[in-house]
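Chains, contacts and geometry: an overview
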Amino acid sequence: MSITRSKSINTIYEECKDFDLVLVPDAPLASAINRRLDRPQFGPFAITPRRLAAQRRERAEDRRAFLQLISETDLEWKEAAYAVEVILACWEFRGRIDAILDYDRFATDTIRTAIDAIAEMDTTVRRLTEYSIDEDTSVAVVGETQLTELERSILPTEYTTIDPFADDSFDYPSFHIHDSPAAIIDTVLETITAETAENVAVVHDRTSEYGSLIRSALEAADIPYHGGIDFTDEPHHRAFLQLLRSAHAGRDTRVGDIKPLLTQIGISIDVEHDEKRLSHFDDPAIDWVLDFSNSIHTYTFEDAIEVYEDAADSQLTVFRDELTQLGIEDAPVSEAGLDRLEFYLQSYDVPIEHENDGVLLADATSAAHVDRPLVFYLGLDERWTHSSPRRPWVDQEQEFERNIRQFQLLLQNGQDQYYLVQDSTGGTPVTPCLYFEELLDEEFERFSDLDSVPRTRVFQPTQDGFEKEPVNVPTNEIETISQSSLNTYVNSPRDYFYSRLVQTPDKEHFKEGNLFHDFAEFYVNHPDQITADTLDEIATVILDEMKPFLRSVDYDVRRTKYRIGLETITDYLDTNPPQTDAFLTPDGGYGQNHFAEYFNQPVDSPTTEQWFENTDVGVKGKIDLVHSPTQLLDYKSGSKKSAKDVVKNSDIRSPTDKPNFQALLYLTQQRSEHPDQQLQFTFFHFLETLDDVIIGDSNIDDCLTTVTYYPTTHAEYIGSEAIFTELQEEAYGDCKKIFSKIDYETYQAFLDEHDFPTTRDKNELIESEFGHALTDRMVDAVGNYKYVKNGCKQALKYLLGIRNQNYFAEDLDAFETFIQDRLTELTDRHNGEERFPVEGPGEEPNYRYVDHRDCILEEGSR
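Just so we're clear, the structure is a prediction, and the values are computed from it rather than from any experiment. (Residues numbered from 1 in each chain as written. Predicted model: local features only at pLDDT ≥ 70, side-chain atom pairs only at ≥ 80, totals over all residues. Heavy atoms only, no water.)

1. Points about the overall build of the chain
Regarding its fold elements, the chain presents 35 helices and 21 strands. Projected onto its principal axes, the C-alpha coordinates of the chain cover approximately 115 × 70 × 65 Å. Expressed as a percentage of contacts within the chain between residues at least 6 apart in sequence, the contacts between residues at least 24 apart total 72%. As presented, the chain carries roughly 42400 Å² of accessible surface, and 44% of it is formed by carbon and sulfur atoms. Seen as two clouds, the 79 positive and the 166 negative side-chain charges of the chain have centres 4 Å apart. (Helix = DSSP H or I, 4+ residues; strand = E, 2+ residues; numbered from the N terminus. Contact = heavy atoms within 4.5 Å. Areas by Shrake-Rupley, 256 points an atom, 1.4 Å probe, with all protein chains shown as cover. Lys, Arg positive; Asp, Glu negative; His and termini not counted. Charge placed at Lys NZ, Arg CZ, Asp CG, Glu CD.)

2. Some remarks on the sheet that holds strand 17 (residues 619-628)
Pairing is mixed in the open sheet, where 6 strands are placed in the order 16-17-18-19-20-21. Each edge of the sheet is formed by a strand with only one pairing partner; in this case those strands are strand 16 (608-614) and strand 21 (806-808). Sheet twist, expressed as the average angle between the axes of neighbouring strands with direction ignored, equals 35°. Pairing analysis gives 6 bridges linking strand 18 (residues 631-636) to strand 19 (residues 679-685), with the strands arranged parallel. Directly across from aspartate 634, in strand 19, lies its bridge partner phenylalanine 683. (Pairing = 2+ DSSP bridges. Axes fitted to C-alpha atoms, helices over the stretch in contact; angles between N-to-C directions.)

3. Here we look at the pairing of strand 11 (residues 374-378)
Side-chain direction in a regular strand flips from residue to residue, so the side chains alternate between the two faces of the sheet. Where burial is concerned, most of strand 11 is hidden: 5 out of the 5 residues are buried. Every second residue of strand 11 is oriented toward a common face, with Leu374, Phe376 and Leu378 on one face and Val375 and Tyr377 on the other, all of them buried. Here 4 bridges tie strand 8 (residues 200-204) to strand 11, and the two strands are oriented parallel to one another. Note on strand 11: the bridge partner recorded for alanine 201 is valine 375. Across 5 bridges, the pairing between strand 11 and strand 12 (residues 416-422) is parallel. From the neighbouring strand, phenylalanine 376 faces strand 12, where its bridge partner is tyrosine 418. Following the backbone out of strand 11, through helix 17 (residues 396-411) and into the adjacent parallel strand 12, one traces a crossover that is right-handed. (Buried < 20%, exposed > 50% of the residue type's maximum accessible area, 1.4 Å probe, protein only. Right-handed = clockwise from strand over helix to strand, strands pointing away.)

4. Structural notes on a positive patch on the surface
On the surface, Lys644, Lys648, Lys762, Lys793 and Lys797 cluster together to form a positively charged patch. Listed by contribution, the elements that provide at least two residues to the positive patch are helix 25 (643-648) and helix 34 (786-804). In this fold, lysine 762 is placed in helix 32 (residues 762-766). (Patch = residues over 30% accessible without salt bridge, like charges linked within 9 Å, V, L, I, M, F, W, Y side chains within 5 Å. Salt bridge = Lys/Arg side-chain N within 4 Å of Asp/Glu carboxyl O.)

5. Notes on the packing of helix 22 (residues 532-546) against helix 23 (residues 555-575)
Close contact between helix 22 and helix 23 brings their axes to 9 Å; oriented N to C, the two are set at 130°. Classified by the angle their axes make, helix 22 and helix 23 are oblique. The chirality of how helix 22 crosses helix 23 is right-handed. Every residue of helix 23 that contacts helix 22 at Ala532, Leu535, Asp536, Ile538, Ala539, Thr540, Ile542, Leu543 and Met546 is listed here: Tyr555, Arg558, Arg559, Tyr562, Arg563, Leu566, Glu567 and Thr570. Tallied by class, the residues present in the contact of helix 22 with helix 23 amount to 10 nonpolar, 2 polar and 5 charged. (Parallel < 35°, antiparallel > 145°, perpendicular 65-115°, else oblique. Left-handed = near helix turned anticlockwise from the far one by under 90°. Nonpolar A, V, L, I, M, F, W, Y, C, P; charged D, E, K, R; others polar.)

6. Digging into the pattern of salt bridges
A complete count under the given rule lists 49 salt bridges for this structure. Of the charged contacts in the structure, one is a salt bridge between glutamate 198 and arginine 372, with a shortest N-O distance of 3.9 Å. You can see glutamate 198 sitting in the loop between helix 9 (181-191) and strand 8 and its partner arginine 372 sitting in the loop between strand 10 (359-363) and strand 11, a full 174 residues away along the chain. For glutamate 198, a relative accessible area of 39% puts it in the partly exposed group. A relative accessible area of 12% places arginine 372 in the buried class. Residue arginine 402 pairs with glutamate 399 through a salt bridge whose shortest N-O separation is 3.7 Å.

7. Comments concerning helix 31 (residues 744-753)
If you check which residues of helix 31 are buried, you get Tyr744, Tyr747, Phe750 and Leu751. Down the axis of helix 31, the buried set is contained in an arc of 130°. They therefore lie on one face. Turned more than 90 degrees from where helix 31 packs its buried face, Glu745, Asp752 and Glu753 sit exposed. Residues of helix 31 that are buried sit in contact with helix 28 (714-718), helix 29 (721-729), helix 30 (733-739), helix 33 (769-782) and helix 34. (Arc of directions from axis to C-beta.)

8. Some details on the sheet that holds strand 9 (residues 225-226)
Pairing within the open sheet is parallel, and its 7 strands lie in the order 9-10-8-11-12-7-15. Only two strands of the sheet have a single partner each, and these edge strands are strand 9 and strand 15 (452-454). Summarising the sheet, strand 7 (residues 175-178) and strand 15 pair through 3 bridges and their orientation is parallel. Residue histidine 176 lies in a different strand from strand 15, and its bridge partner there is valine 453. Helix-sheet contacts for helix 10 (residues 209-220) involve strand 8, strand 9, strand 10, strand 11 and strand 12, and the interaxial angle to strand 10 is about 170°.

9. Considering a negative patch on the surface
Together, Asp395, Glu397, Glu401, Glu437 and Glu438 make up a region of like negative charge exposed at the surface. Contributions of two or more residues to the negative patch are made by helix 17 and helix 18 (435-439). You can see glutamate 438 is positioned in helix 18. Using a relative accessible area of 40% as the deciding quantity, one classes glutamate 438 as partly exposed.

10. Some remarks on the packing of aromatic side chains
A complete count under the given rule lists 52 aromatic pairs for this structure. Between phenylalanine 407 and tyrosine 435, the ring centres sit 5.2 Å apart and the planes meet at 50°, which makes this aromatic pair tilted. A residue pair is termed long-range when its members are at least 10 positions apart, and phenylalanine 407 in helix 17 and tyrosine 435 in helix 18 qualify at 28 residues. Side by side, phenylalanine 407 and tyrosine 435 carry an identical accessibility label, which is buried. Following the ring pairs from residue to residue traces out a cluster consisting of Tyr172, Phe175, Tyr377, Trp384, Phe400, Phe407, Tyr419, Tyr435, Phe436 and Phe447. One residue, arginine 822, lies across the ring of phenylalanine 818, its end atom 4.6 Å from the ring centre. (Phe/Tyr/Trp six-rings, centres within 6.5 Å; stacked < 30°, edge-to-face > 60°. Lys NZ or Arg CZ within 6 Å of the ring centre and 35° of its normal.)

11. Some details on helix 17
Over its 16 residues, helix 17 extends 22 Å from the first C-alpha to the last, a length consistent with the 22 Å expected when each residue adds 1.5 Å. Restricting attention to buried positions, one finds in helix 17 the residues Glu399, Asn403, Ile404, Gln406, Phe407, Gln408, Leu409, Leu410 and Leu411. Sitting at the amino-terminal end of helix 17 is aspartate 395, which places a side-chain oxygen 3.1 Å from the backbone nitrogen of glutamate 397. (Expected span 1.5 Å × (residues − 1). Polar contact = N/O pair within 3.5 Å; in protein donor to acceptor, adjacent residues only side chain to side chain.)

12. Focus: the nonpolar core
One recurring pattern in soluble globular proteins is that nonpolar side chains are buried together. Leu23, Phe66, Ile87, Phe319 and Leu341 are the most contacted members of the largest nonpolar core, which totals 84 residues. Among all residues touching phenylalanine 319, those that are not within four sequence positions of it are Phe231, His237, Phe240, Leu241, Ile305, Leu341 and Leu345. (Core = buried A, V, L, I, M, F, W, Y, C linked by side-chain atoms within 4.5 Å.)

13. Points about unusual backbone geometry
Its identity as a non-glycine residue notwithstanding, glutamate 609 has a phi of 50°, on the positive side. With respect to the element layout, glutamate 609 can be found in strand 16. The exposure class assigned to glutamate 609 is buried, which follows from its relative accessible area of 4%. Within the chain, aspartate 676 stands out as a residue other than glycine whose phi angle is a positive 65°. Looking at the element boundaries, aspartate 676 is found in the loop between helix 26 (662-673) and strand 19.

14. A look at the pairing of strand 20 (residues 704-710)
Here strand 20 lies mainly inside the structure; 5 of its 7 residues are buried. Across 6 bridges, the pairing between strand 19 and strand 20 is antiparallel. Within strand 20, the position partnered with phenylalanine 681 by the bridge is valine 707. Across 3 bridges, strand 20 lies against strand 21 in parallel orientation. In the sheet register, tyrosine 709 faces strand 21, and the bridge partner there is tyrosine 807.

Interpretation note: all reported values are geometric properties and have no functional meaning in isolation.
If you want it as structure tokens, here you go:
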């Protein structure tokens, strides 16, 4: 099977021009034929059956019937909408209004009530039922199979049918494959100007992303268009509905939730406040929103519109008229009432006045004829497939044939057609419209399997853009990087780039963590200021600071959490006070401290919040607590990680999907100040034992994760007599047994002869040459017993565990080189020598940890 060629409008006109009346299935085809009429015509010539019978412009019968039904009956809105839908649909297919009662499932009191009301209405379907064409009229019917049973009922006994299809097949144009919807829109805009807009049509699925993208692009380019606009697409209508919905969301509404509303009425709020609760956000510009929300139960819809009109300095006349038609202008703005209003607006196409000039935007699932010379088809994916109603009066096979004929007609509109598609999105192949499976002989799963042409996006500026002035700016060398920036950069350099450009909202966990950090710093400086009562007070202070981010129902739980976290911090610091020997000098403090200001006390201990910037190594950062010259501590409010996870996530050879170089970077810095010393970095997860504290069974050690740096190589370390002793006394059972039967010299000699592999995988280590050699040596020394082989596996796991939970000299050496390589890249990219790529050293980014996801395009759009 292939796509059947459709006849041109000129050909159809030539076949029907001698008839008195020409019936067609849709209004655009009628208009196209009438524009070619070259003789005087009294009365209609080409027309749809519906318009002929109604003697008026076609309008949405379902909406009009719904409005009348809710005003004349006691039916609920959803009941009324359902009844209207099934009654009118069955009437179209069966030819009479009460045909639906032939089906037991629909023979209900609700349906009967609706039938009685609809039968009295002056609807188009009623006029069709009562209308007939004079037998003396010569009638031609174009595409008779596209007409419904009710539409065919008006035909005279004798009429001529005209097939809109020719006898040959249609050689469809190539599919132009683009990387993204934005690239498709750019391609369309390359061709259109305000002067040529009348010659262009764009066919798309109105529910897809293409609808909003093409409208926005045309508006930005000052190119007129019509079609494809819903009642709620009007910005003020959409903003008014958001105001009503946010008022019912309660005190937990966030500033970011109403950002579109505020933007529409000209109120600008910094992005840093987006995640704060509206009820705890102090800004006079939005006080009216809070007042409205707090007293929403006292407002009618008419009152609410007046509030919005005053704030926006705009009139919502059309919206007010629609409320009047619904009969709810004086009804209270209850949540149920708002639900009904939104249900209505989502269910029906509410007419809005607009100019009928410019680019024609046509819906792929409702149009069949588009009389424009140039037609763009966007997407052509499975969303173009009609969803046929599954009702007992619908012949599914017949309906499918009807839809596939309409699809074939649609594909051939215009003198030139361009099929603009995506082959994949988010790494998943795009499925072409299911009708292609019936129409094309080729076997395919995606558009690239068909006759297609890949297209590279061409950026086409729609306006002159910003004025540019040449500037003589010296290039800068990036000398240092922090651990947080390095984590972001390794996951995705592009995300790092946007983090330098785009402001982000204050985050709840950051705010909470910073307050705990401030307290810990303050406590180290002034432990004498803190008592049990003071801890209660501080917990309340933290809660007050956090209230903009919290639901009111969570206040008591959070206060308890904060009190326990504060006590855990003080317990640890009391038991493990910093060693305050003069190994550091005060630096005047780094940044502000909330509790220093609250208690009006300075924080100037040399051990807390110490800033460093080491250009020799290329690192910078802030140390929460320098516990001793050889031990650093970092406070964490998040969940605990094991030492193995810490080391794993700092792997520079094969970065994980959650890179975190904090411990490695800080130990590298500390090594530069204390070379040749064993160093430790401890993560103090002070909320880890929250549940245990509540039940009275907590252990402060459960909050700690410590990784150690040994100032020697891993090979030298595991070759020491101390590790040999551990294998004899502290390792697993069979391992202790076999190593107790050899001496240290045998162990040392083996390690001198064999290099420990670089792998961090236990199975690879066991199967490596080193693993087999160790087993052979131990079998020779102890005997060929099963426990010997098992003990060797245990020894290998033990030695690997040492590597996987600690850092050694070669690790920090490699990290310093890694830092320098990244700084060189950053310098080049900051100075414009190359783009910041999406993928970092670990290749595909982990998008869970990408902060600017909406700024980063998928694979192939970069």
